[in-house]
Amino acid sequence: MARAESCSGVGSPQLTDNWPGYSLDLFCYPAHYSGDLDCVFIPHGMIMDRTERLARNIMDELGDNDIVVLCVLKGGYQFCADLVDRIKALSHNSQRSIPMRVHFIRLKSYLNDCSTEDLHIVGAEDLSFLAGKNVLIVEAIVGTGKTMKALLEHVQAFRPQMIKVAALLVKRVSNTWAYLPDYVGFEIPDRFVVGYALDYNEYFRDLNHICAISEAAKMKYKI
């Protein structure tokens, strides 16, 4: 079952290793994915509530600072858009505000459901405009942390004043590459999940919920 560490912004909700998810019958999802999903891992409404809490945490810590948001495509675009929207809403209704610029980069390191050794950073060749800036990297999911560490090293080379990382999901993995972002939406078991812009070979980005993909779907959409 899922359990929450805190609702005050300290820690993050954790889905235990034996979390079975919610029955697909309880939710709406595209009919063209019938038979491709095992369960709804995190419902869309829960994602939205947690994203608002993260926006408040970011506002509390970074309020009144100009920041450059680095959105990691493609999987992070939906989380980034919703997070930025909620930060903007808080800025409009508060004495504090966060002026933001958004820049997009793309990381490619997966083949089917496996992370590869080859990391390609697209759109980040020249980030000299980050010099002296406060940077918020927004990523959908952090697994081993190897990809994020490589990205951080790349960004740090352009000498920003500060770097913070917000990730919607962090997988519990046991290896030396483990990395914990500054802002975490949910801690989940080491399972391959799709939806809310997370994909499997470009499929499933159009799911609102975060779901566990079936083994049959892995074979169906394998390249």
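Residues numbered from 1 in each chain as written. Predicted model: local features only at pLDDT ≥ 70, side-chain atom pairs only at ≥ 80, totals over all residues. Heavy atoms only, no water.

Take unusual backbone geometry next. Cis rather than trans, the peptide bond between L73 and K74 has omega equal to 0°. On the secondary structure map, K74 appears in the loop between β4 (67-73) and α2 (77-92). For Y196, which is not a glycine, the phi torsion comes out positive at approximately 55°. Assessed through its relative accessible area of 4%, Y196 is described here as buried. Phi is positive for A197, close to 80°, though the residue is something other than glycine. (Helix = DSSP H or I, 4+ residues; strand = E, 2+ residues; numbered from the N terminus. Buried < 20%, exposed > 50% of the residue type's maximum accessible area, 1.4 Å probe, protein only.)

A separate point is the sheet that holds strand β11 (residues 210-213). Ordered by their spatial adjacency, 3 strands build an open sheet running β3-β11-β10, and the pairing between neighbours is antiparallel. Edge strands, defined here as strands with exactly one partner in the open sheet, are β3 (37-42) and β10 (193-194). Here β10 runs beside β11; their pairing, made up of 2 bridges, is antiparallel. When the sheet's bridge partners are listed, V194 is paired in β11 with C211. (Pairing = 2+ DSSP bridges.)

Our focus in this paragraph is the packing of aromatic side chains. Per the stated rule, a full pass over the model turns up 6 aromatic pairs. Ring geometry for F204 and Y221: centres 5.4 Å apart, planes at 85°, overall edge-to-face. Note that F204 is positioned in the loop between β10 and β11 and Y221 in the segment after α4 (215-220), a separation of 17 residues in sequence. According to the relative accessible area criterion, Y221 is buried, its value standing at 10%. A network of ring pairs unites the aromatic residues Y33, Y203, F204 and Y221 as a single cluster. (Phe/Tyr/Trp six-rings, centres within 6.5 Å; stacked < 30°, edge-to-face > 60°.)

Membership of the largest hydrophobic core comes to 36 residues, with the highest contact counts inside it found for F41, I42, L83, L169 and I210. Breaking this core down by element, the ones donating at least two residues are β3, α1 (44-62), β4, α2, β7 (134-142), β8 (162-171), β9 (183-188) and β11. No other element matches the 7 residues that α1 contributes to this core. In contact with I42, not counting residues within four places along its chain, are L15, I47, L169, F186, I188, H209 and I210. (Core = buried A, V, L, I, M, F, W, Y, C linked by side-chain atoms within 4.5 Å. Contact = heavy atoms within 4.5 Å.)

In short, geometric facts, not functional conclusions.
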